[in-house]
Amino acid sequence: MDLISFDHSHLWHPFTQQQGWVEEEPLVIERAEGTDLIDVRGRRFIDGVSSLWCNVHGHRHPRIDAAVREQLERMAHSTLLGLSHPPAIELARRLVEIAPPGLTRVFYSDSGSTAAEIALKMAFQYWQQQGGEAARRVKFVSLKDAYHGDTIGSVSVGGIDLFHSMYRPLLFDTLKAEPGDAGDMERLLAENEGEVAAVIVEPLVQGAAGMLVQPPGYLREVRDLCDRYGALLVCDEVAVGFGRTGRMFACEHEGVSPDFLCVAKGITGGYLPLAATLTTERVYEGFLGHHHEFRTFFHGHTYTGNPLACAAAIASLDVFEEERTLERLQDKIALLERLLEPVAALPVVSEVRQRGFMVGIELTEFPVELRMGHRVTLEARRRGAVVRPLGDVVVLMPPLAIEQSALERLVGIVSDSIVAATEPFASGREAA
Ligand SMILES: *Cc1c(COP(=O)(O)O)cnc(C)c1O
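Residues numbered from 1 in each chain as written. Predicted model: local features only at pLDDT ≥ 70, side-chain atom pairs only at ≥ 80, totals over all residues. Heavy atoms only, no water.

Caption draft 1: Broad picture of the domain arrangement of the chain. Looking at the assigned domains, one finds that the chain contains domain 1 (3–57 + 325–431) and domain 2 (64–322). Relative to domain 2, the C-alpha centre of domain 1 lies at a distance of 28 Å. Domain 1 puts 28 residues into the contact, and the matching count from domain 2 is 29 residues. A buried area of about 2,300 Å², summed over both sides, lies between domain 1 and domain 2, and 66% of it is on carbon and sulfur atoms. For the interface between domain 1 and domain 2, the tally reads zero salt bridges. Between domain 1 and domain 2 we count 12 residue pairs in polar contact (both at pLDDT 80 or more) in total. (Domains from an automatic or database assignment. Contact = heavy atoms within 4.5 Å. Buried area = accessible area lost by both parts, 1.4 Å probe. Salt bridge = Lys/Arg side-chain N within 4 Å of Asp/Glu carboxyl O. Polar contact = N/O pair within 3.5 Å; in protein donor to acceptor, adjacent residues only side chain to side chain.)

Caption draft 2: Quick look at the packing of aromatic side chains. Applying the stated criterion to the full structure yields seven aromatic pairs. Measuring from ring centre to ring centre gives 6.1 Å for Y147 and F163, while their planes differ by 85°; the resulting arrangement is edge-to-face. Within this pair, whereas Y147 is found in the loop between β5 (139–143) and α7 (152–156), its partner F163 is found in helix α8 (residues 161–164), the two being separated by 16 residues in sequence. Judged by relative accessible area, which is 22%, F163 ranks as partly exposed. Centroid distance F287 to F297: 5.9 Å. Interplanar angle 90°. Geometry classified as edge-to-face. Note that F287 is positioned in the loop between α11 (281–285) and α12 (307–322) and F297 in the loop between α11 and α12, a separation of 10 residues in sequence. As far as the burial class goes, F287 and F297 line up, both buried. Here the aromatic residues F15, Y147 and F163 are joined through ring pairs into a cluster of three or more. The residue whose ring lies beneath R105 is Y284, and the NZ or CZ to ring-centre distance is 3.6 Å. The ring of W127 is capped by R137, whose NZ or CZ atom sits 5.0 Å from the centre of that ring. (Phe/Tyr/Trp six-rings, centres within 6.5 Å; stacked < 30°, edge-to-face > 60°. Helix = DSSP H or I, 4+ residues; strand = E, 2+ residues; numbered from the N terminus. Buried < 20%, exposed > 50% of the residue type's maximum accessible area, 1.4 Å probe, protein only. Lys NZ or Arg CZ within 6 Å of the ring centre and 35° of its normal.)

Caption draft 3: Here's a closer look at the layout of surface pockets. In this structure, the second largest pocket spans a volume of roughly 770 Å³. As for the second largest pocket, its lining consists of 25 residues, and the residues nearest its centre are V106, F107, M122, Y284 and F297. Among the secondary structure elements, those contributing two or more residues to the lining of the second largest pocket are α5 (86–98), β4 (103–109) and α11. Looking at side-chain class alone, the lining of the second largest pocket contains 14 nonpolar, nine polar and two charged residues. (1 Å grid on protein atoms, 1.4 Å probe; cavity = no way out; pocket = protein on both sides within 12 Å on 5 of 7 lines; lining within 4 Å. Points joined across faces, edges and corners; volume = space filled by probe spheres on them. Nonpolar A, V, L, I, M, F, W, Y, C, P; charged D, E, K, R; others polar.)

Caption draft 4: Highlighting the side chain of K332. Take K332: it is sitting in helix α13 (residues 325–344). Within the buried set, K332 has no salt-bridge partner at all; the shortest N-O distance to an opposite charge, 6.6 Å, is to E403. Here I402 takes part through its backbone oxygen, which lies 2.9 Å from a polar atom of the side chain of K332. Residues contacting K332, with those up to four places away along its chain left out, are F357, L400, A401, I402, Q404 and L407. (Lys, Arg positive; Asp, Glu negative; His and termini not counted.)

Caption draft 5: Geometry of a nonpolar patch on the surface. The grouping of I152, M166, Y167 and L170 at the surface amounts to a nonpolar patch, some 430 Å² of accessible area in total. Its place among the elements puts I152 in helix α7. The exposure class assigned to I152 is partly exposed, which follows from its relative accessible area of 39%. (Patch = residues over 30% accessible without salt bridge, like charges linked within 9 Å, V, L, I, M, F, W, Y side chains within 5 Å. Areas by Shrake-Rupley, 256 points an atom, 1.4 Å probe, with all protein chains shown as cover.)

Caption draft 6: Local environment of the environment of L390. Relative to the assigned elements, L390 resides in the loop between β15 (385–386) and β16 (393–396). With 258 residues separating them along the chain, L390 and G132 place their C-alpha atoms 45 Å apart. Once you skip the residues sitting within four places of it in the chain, L390 turns out to touch W53, G207, A208, G210, M211 and V395.

Here's what the structure looks like:
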């Protein structure tokens, strides 16, 4: 079967300009092993972005593979609408155990986008059901350059023009705060006092915006402001959760417990689509009542809390414990910081931003038509690594389990690739 021609004639890839896609030979990944991806021609590549930010312990991890197989021997799927199943129950208990204090209720879904939408809908409905003055709380505050997913609700609280501005007429209005500026957050909350349902933030790092790192203390200040102005706080840890920043959850760095915690990407160790929105007893109780009062949260997806995905997620949490993943990560974070020093010194690099195992290497300005980030990606492939940029920000986000030697090789490849991709253009530019 001619895979490539069938791909070109039938597949429509996400976040991809297909006109350019069909002009290039696609990389077709067939297998994976540890932190390597292997294509149909048997070539190996380091998985430099954790298969879109979700792989944690490496691919084909024996523990997680076995857990999914064992669950498969019992059943692949049964619904959580009106029924329950052991993996969903066990995982909920485990998530509550490790989540910031106060988050005691777990609502499952399938993607980061739905995890965020669910938090927004719950927050909105919570205030409506409180009634009286509280029902005036119908507004949301989000950050400029925010990314919370691609469905219409999550796009409404998004702020990346390139992805989001097209849909403006379809979106609900939100208040946009200047990221990292607690004063601006306070101004918005004060100007809209008594009308804000919730503030939604990506704690510590705004990933899709290009790995923008917030100043220390900002998240804490946002939590305090939400308390002062009575707004609920939604922390979208879809990207930063499950160890990415060096702690299990980014909120832990600032001792913050949000009212909603959204998790997805890394929850199954990068195995299967699963998401969860965690919330507090206070919010949960706001939905209790007799059937005929219609305080139910009328929301659910067909595959919500899929048993195979929950089994993978439980096994991933076991691996965190057994392999002391977070403990062993600390030295690798420090190593990564050292390895990035010479990259930051490259004349074509304007800034390197790092928080834990999340890195954005911003290139100096090149004409957008050059697609410099993409050129770097192609160079990296030639050298044996898969990375995917955000515009001209080269993203590095390896699995937490990566060996030190592979990490060194990965940063070396990326550095060489930046030099190789920019060289033909950078020299001419300096002369100009
Ligand atoms: C990726 C991401 C999402 C969306 O998750 P999907 O599973 O792709 O829908 C939401 N929020 C953040 C912070 C993300 O990085």
